[in-house]
Amino acid sequence: MPADTGDWGVYHTAEGVPYYYNKRTQETSWDLPDALKTSDEKEQKGDWVWVPHQSEGFVIAKVGQKYTNGDTACTTEDGKVIQVPKSVPLIPVIRSSLQRINEDLVQMDDMNEPLVIHNLRERFKKNLIYTHVGTILISVNPFKPLPLYTPTIIDEYAHKGSKELPPHVFNISSAAYNNLISDKANQSILISGESGAGKTEATKVVLQYLAEVAGSTSGVEENILLANPILEAFGNAKTLRNNNSSRFGKWVEIHFDKQGRICGAKTVNYLLEKSRVIGQTQGERNYHIFYQLCTGASDKLRKQFSIGNPEDYKYLNQSGCIRIEGTDDKADFNELEHAMKKIKFTEAEREAVFQMTSAILHLGNISYKTVNIKYNNADVQAAEIENPAVLEKAASLLSVKAADLKKAICFRKLVIKGQAPTDIPLDSVKARDNANALAKTIYGNLFDWLVKRINMSMAPPADSPTNIIGVLDIFGFEIFETNSFEQLCINFANEKLQQHFNQHTFKLEEQVYQEEKIPYTHVDFIDNQPCLDLIEAKPHGILCMLDEEGVLPRTTDDTFLQKLHQTHEKKHEKYIKPVKLRNSFIVKHYAGDVTYSAENFLEKNKDLLNEDLVTVMETATLPLFSELFPKGQTTNRKSSLGSQFRGQLAALMTRLQATTPHYIRCVKPNPLKAAGIFDGTMVLQQLRYAGVFEAIHIRKTGYPFRGIHEAFYKKYRLLSKGLKGTNFKALCQTLINSLPGDLKKELNIGVSKVLYKAGPHRKLELLRSVETEKAVIKLQSGLRGWRSRKISKELKRCKPILLAAMKTRTLPAIEDALKKSENCRFEFKPLKDAKLLKEVLLEEKRITDQINVLLKQDHDKVYDSMVELLKKAKDIDMKSADVNKLDSIVTQITARRKVRADLEAGTKNFERSKLEEALKKIKEVGITEESAEVKQAKDVLKRITEEEKIVAELKQATNTGGCVNMDHSTIVVNSLEAALKKANTFVCKTEEGKSLVAKGSILLDIRKALIAEQYPEVSSLLMKAQKAGIENPEIKAAREEVAYLTAVEELTQRIWDAIQARDEEALKFGLEQAATLGVSDQETPAQGQEILDRIVEARGWLQSGLQAVDQEQLQTGVDLSTNLQYDTEEVRAAQTLLGQIIQYKRDAQESLAVLDRDRMEKTLENSRAINLQTEDVTQLVDLLENTPIDKFFQMQLKVATRMNDRARVVKVTIQIKDSFFAQFEHLFEWKKYMKLRPSDQYAAAKLMGNKEQLRAGMLLWSKKAIPTSLLALDNSQQVKIATRLFKNIQGYMGDKQMSYPETLAADLCENAKVSKDVSDEIYCQILKQLTSNPSRESVGKGWDLLAFCLKKLAPSDDFSNYLEIFLRKQAPAEKKQDMIYALHEVLYSSAPVNRPGVVPSDDPIASSGSTNFVKSPSSPPPSSTNSNSSYAPAQQQQQAYIPPPPPAMNNYVPPPPPPADPTVVCMYDFTATGPGQLSFR
């Protein structure tokens, strides 16, 4: 009976794989039950199979109709129809298998090629580049850096014990090292794959692991890693398949002493591709060293060896590729020089290496031409050097004579027995070949010498037995369009290694079943011995026949090829003669058929240099050449290249046979060398070549799932209740017997393991997942209850202790209570209050100490400090006799300063009232009568009295003696003139005196002009008097007289002119004259009156608006003036002021809306400049001048938070910190951080070594590992993490050789998630490495690392101020501001956000009651442990302290912010006490 839909449920394993469970029937299934399928999913029913695909390898398709020829039509999931030939097997698709992505391919539900490719593809998408095939590791090149090789991960694999960890190259390395330690047996790690698959990187990572885990007593492990940059520079190059392809093979032996420490190493190199030196395929490069030298050499080297740019050299500029994207040749050259110095290459050796490298480039630049010459009475063609200067430079660098070098290149010495040697001229082609051969030989010999020199630097001790781990990194199988001698050697090596792989894999598999005594059917493995015999067997192996042809006379590549065909065609199963390609032969390798071109086989196999050139090189004076070209070499020529290689390979195989091998198969996922692209067909081909499917097959034919008894029992014991004991084999038997159905029959118990196939494994996993789900629910419930009870108990214990201590309000009691509560994990209100009270008490003590210091000094000199300190005391409402005394002194000094200011101002401005008032108070404020300022004030008062008498006389003279009724006889000049003379002689200083002198002067001039009847002058003076505001009967009479004497015609003209000019003063004057003459009713005066009225009206509005700075009045005046076409300076001033008012009002509104202090200050400055008074301006004044800075910052933060303006929040916080650190910087020196471990304790953590040196260097840069954490971490696990993470920092900064340093920073931040203490530890370690660091490059990288962490990693509140002070003092100028901003940004980002009114779930006890322990709690003092670095929102704490609101500021209400994200409820709230001290909630 089918189950109801409601009985089925979907669950997930710990790995996230879905499975299905029926609660009623207890059924389980990996596949989606029909009851849960949708209609679309039911329609998908049918036969689904894997079909081949050009790029994906295989795709899923539904089987359709069958064709008459046996082919099948299949429809893919995207609707495309594919016709599958009948010869191609259709492999069924198991949908549930697609969901389980296996770490070990032998544990797949079904072993087939499509599922293997699917598994690898899905893992690749998740950056899971490593996959096991039993004990073999598949490594897929991601073509991008991944954080997989950090010290953290190394530590995990080094100390994994019996724990299962994901596939990794470290797993292989760990297995090899552990086997070496436990079995004392030699090990080997064989890394293979095609070019670009990642072999070189895998080798480096293996060496890095071994160096890190094993270590050494002599530092030789560092030399092993330092050898990589040297060998890569000279042995690696960019190819079409790989930007860093090794063009040689190498076997690296790491030697270990009896304690398992590295004691030496040795490298053997194989088959360097010397032909690359003289030419490369289009798109490829020569060896890295040439480009590095040209780009990174110092000016000294460039001049010394005539080094140019890469584009200048023929050996480098012919392939069209000079630079590699993402590669810095200059930086790589610096790394190369660093490595050579560290490995103890002398300066002479380094220069000699670079000299030879440069010489090779110059050899390639020699150009030749063929000329006809007479030689031995015959016309012959000979080579001629076209650029002798280049030849001379090459000879100079080779330290040989240019003439000798030229002769050896352009001539061949013919030696006939019994005759004198004869020099035969060569044509230009052969001469160039000679030079190229010399370049190749020099480079090959130089590379061999470098390997030998590196081996010398880390040779193992000769007198002590050692074990080895050998790492083989050798060229992968190669099939190109044109395959030559090099490819034959490479593929021959791969055939040898594949045979070794096959033999070991199959032998190991059978050994497992024999040891476990499990029946097993033997399976024959693929044997490639016939192919090996074809290549190397005597006498008819290809390489043997090639050596034979090389010593016979008159042989050619063609004669060699014909002998191959005659010997092997149709006689050897692995040899094919091509039908079309005449100069080629085909070898059937295990990886596929390869067509080889026989061209140049003989020449390449000889690998000999012209004897004349060898002789010349033996004369070189450079010491290094004596090692590269030892004397007598011409008489002792080396064997053929093929013979050498066979010998090297035989020796290598002998070495491998004596080791326990471990395999890493590297796979290249796409031909583009691009990240994120997985070419299924390409991967499939490589897996076939690597024999991976055979390895899977052999495991699948037996029991691929296997586990030791203890591991099997512990994993599945949930399936059987009540099992106990230590006899795990018996327990496994009991457990298996309790399993349902036939499952018990499908599990085999061996001697030490349980073995089973994929089907039983799926069933076991389903049953385990169901039982795990049930158990986890119970565990979670119990754990949550236990945790809540534990926290509750701790809070109940701490609360009364804290409350009692706070009531005493004494520092010792508070500190004791805090110490007793230091283990409280939840920072509840009483704990926070106690910490705050402690800081308040500390602040009061500090203020009292400072008052006592100031009172002992000259009070006037320290007045400003007294005022500031008094303000601090009042801010925290501090009451004490010292504070009262300070207040009294400050009040007295303030009053005295006020009196002195009044005396100074009254004296300067001659103000009687101010002087008299100040003189009354001098005794009161302690200023003596004899003081200079008092005497000066009295002198000024005396002078003012004298001036008042003179002014009285002048006033009398101006009020009498004027003209009356045009009667000039009444005019008196002498008395006014005498009074003015007296006043001018005295020089009046008061405002009244100066004004009256000016008035008297005008009246005197008018009287004189009237007496002289100079009426134009009178008119001018009358206008002057009018402008000066002088009006009296005398002026009036003069005006009337002038009016009468002015002709009506002239008056009319003037009025007209004034009308045209819109001259207000001229109109007024003319119209007044017209009225006097009785002509006001005439047309022109009437028109003038109308214009004047309109001008007066406009000016009235303008003047009123200018005086009041009133927008409406100014606007009216400007409009009237515009209509009247009235344009004066006054009008233009009004227009300017009007525009300013409009702009400044808008600025005031906008700046108030956002509370941007800079904008507010600028707006207020502008408003004051024009005396603008508005409500908004008043609010600006109140906010900027009357509001305490801390309250203002509070308002800024609130507005910024409402507006979700993250940048402003951070900016304001930094401004706060600027003020805070200006006074309290000394409290936050990093080396005084309270949580730093005592230096004695730090030094004691290392059992051996110089303790004093450790103590002194605890906080200084170190190249060595740290013995323990810098901070006093309570958790031993955290201490372990800290010491491990220090290696990340060393690796990133270049103080320690590590692969992919760019991934180490991300790993640091990932580990910091453990706790804030670990975050602080990371920062302390970086600061340590930046302190007294001798390397500029290391320091630069250190600051880069710190900048990276500041974007990801928030320090604790305790540490943030210390970190910020370090940044402010030490950070490079160009980075400082960005780093400080990043610090506050990350602090802001890390602040938790809770909804208002919700009690945090971690606090099971609601805080009851509150202790008001300070009268003004809005002012916590500065502290080194709880300062203004916390960005936590106010709603974070239940019943948390909330400071009082800021004082009212003219009813200021910030404008409403824009609509905010409804999910964001974070609101800043902070308080400030003392100078800039802030606490955020």
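None of the values given here were measured: they were computed from a predicted structure.

**Student:** I'd like a description of the state of the cysteines, backed by residues and values.
**Tutor:** With the rule as written, the count across this model stands at zero disulfides. Cysteine Cys-1349 remains unbridged, with the sulfur of Cys-1309 as its closest cysteine sulfur at 4.3 Å.

**Student:** So what's going on with the pattern of salt bridges? Which residues, and what values?
**Tutor:** A side chain of one charge can pair with a side chain of the opposite charge when the charged atoms of the two come close. Within this structure, the stated rule accounts for 80 salt bridges. Residues Arg-1284 and Asp-155 are paired through a salt bridge, measuring 3.1 Å at the closest nitrogen-oxygen approach. Of this pair, Arg-1284 sits in helix H51 (residues 1276–1293) while Asp-155 is found in helix H4 (residues 151–158), placing the two residues 1129 residues apart along the sequence. With a relative accessible area of 8%, Arg-1284 lands in the buried category. A relative accessible area of 15% means that Asp-155 is categorised as buried. Glu-194 serves as the salt-bridge partner of Arg-241, at 3.5 Å between the closest nitrogen and oxygen.

**Student:** Go over helix H41 (residues 1064–1077), please, and point to the residues and values.
**Tutor:** Over its 14 residues, H41 runs 20 Å from end to end, which matches the ideal 20 Å to within 8%, given 1.5 Å per residue. With its phi angle positive at about 75°, Gly-1078 sits one or two positions after the end of H41.

**Student:** So what about the sheet that holds strand S7 (residues 81–84)? Which residues, and what values?
**Tutor:** If you walk across this open sheet you meet the five strands as S7-S6-S5-S4-S8, and the pairing is antiparallel. For this open sheet the edge positions go to S7 and strand S8 (91–92), each flanked by a neighbour on one side alone. The pairing of strand S6 (residues 72–76) with S7 spans four bridges and is antiparallel. Across the sheet, residue Thr-75 finds its bridge partner in S7, namely Val-81. Lying on the sheet, helix H3 (residues 113–125) is in contact with strand S4 (48–53), strand S5 (57–66) and S8; it crosses S4 at an angle near 80°.

**Student:** I'd like to hear about the nonpolar core, residue by residue, with values.
**Tutor:** By size, the foremost hydrophobic cluster in this structure holds 116 residues, and its most contacted members are Phe-234, Phe-290, Phe-354, Leu-398 and Leu-405. Element by element, the count of residues in this core is highest for helix H15 (residues 428–457), at 13 residues. When residues no more than four places from it in sequence are discounted, the contact partners of Phe-290 are Val-277, Leu-316, Thr-357, Ile-360, Leu-361 and Tyr-443. Judged by nonpolar contacts, the second largest core, of 74 residues, contains Met-108, Ala-493, Leu-546 and Val-692.

**Student:** If you had to explain unusual backbone geometry to someone new, which residues and values would you point to?
**Tutor:** Each neighbour pair has its own omega, and for Lys-538 with Pro-539 the value is 0°, a cis peptide bond. Examined against the element boundaries, Pro-539 turns out to sit in the loop between helix H17 (529–536) and helix H18 (542–551). Phi at Lys-184 is positive, roughly 55°, even though this residue is not glycine. Exposure remark for Lys-184: the relative accessible area of 46% places this residue in the partly exposed category. If you check the backbone angles, Leu-271 has positive phi at about 50° while not being a glycine.

**Student:** Summarise the pairing of strand S10 (residues 136–140); cite the residues concerned and give the values.
**Tutor:** Of all five residues in S10, five are buried; the element is thus mostly enclosed. Of the two faces of S10, the one holding Ile-136, Ile-138 and Val-140 and the one holding Leu-137 and Ser-139 are both buried throughout. What sits between the antiparallel neighbours strand S9 (residues 130–133) and S10 is a turn of two residues, in which Gly-134 has the positive phi angle 65°. As paired elements, S10 and strand S24 (residues 660–667) share four bridges and run parallel to each other.

**Student:** Describe the sheet that holds strand S11 (residues 187–192), listing the residues and the values that go with them.
**Tutor:** The sheet built from seven strands is open, its strands ordered S9-S10-S24-S11-S20-S14-S15 with mixed pairing. Among the strands making up the open sheet, the edge pair consists of S9 and strand S15 (262–270). Recorded for the sheet is a direction-independent mean angle of 20° between the axes of neighbouring strands. Pairing of S11 with S24 involves six bridges; the strand directions are parallel. Pairing of Ile-191 across the sheet is with Ile-664, part of S24. The strands touched by H3 within the sheet are S9 and S10, with S9 carrying the most contacts at an inclination of about 150°.

**Student:** So what about the packing of aromatic side chains? Which residues, and what values?
**Tutor:** Taken as a whole, this structure holds 32 aromatic pairs when the rule is applied. Taking the centre distance of 6.4 Å and the plane angle of 35° together, the rings of Phe-234 and Tyr-443 count as tilted. Placement of the pair is Phe-234 in helix H7 (residues 220–235) and Tyr-443 in helix H15, with a sequence separation of 209 residues. Ring centres of Phe-501 and Tyr-663 lie 4.8 Å apart, and the angle between their planes is 85°; on these two criteria the pair is classed as edge-to-face. Taken together, the residues Phe-501 in helix H16 (residues 485–516) and Tyr-663 in strand S24 connect sequence positions 162 residues apart. Judged by its relative accessible area of 1%, Phe-501 is buried. Here Tyr-663 falls in the buried class, since its relative accessible area comes to 3%.

Definitions and cut-offs
Residues numbered from 1 in each chain as written. Predicted model: local features only at pLDDT ≥ 70, side-chain atom pairs only at ≥ 80, totals over all residues. Heavy atoms only, no water. Disulfide = S-S within 2.5 Å. Salt bridge = Lys/Arg side-chain N within 4 Å of Asp/Glu carboxyl O. Helix = DSSP H or I, 4+ residues; strand = E, 2+ residues; numbered from the N terminus. Buried < 20%, exposed > 50% of the residue type's maximum accessible area, 1.4 Å probe, protein only. Expected span 1.5 Å × (residues − 1). Pairing = 2+ DSSP bridges. Contact = heavy atoms within 4.5 Å. Axes fitted to C-alpha atoms, helices over the stretch in contact; angles between N-to-C directions. Core = buried A, V, L, I, M, F, W, Y, C linked by side-chain atoms within 4.5 Å. Phe/Tyr/Trp six-rings, centres within 6.5 Å; stacked < 30°, edge-to-face > 60°.

Without other data, these values stay purely geometric and don't point to any function.
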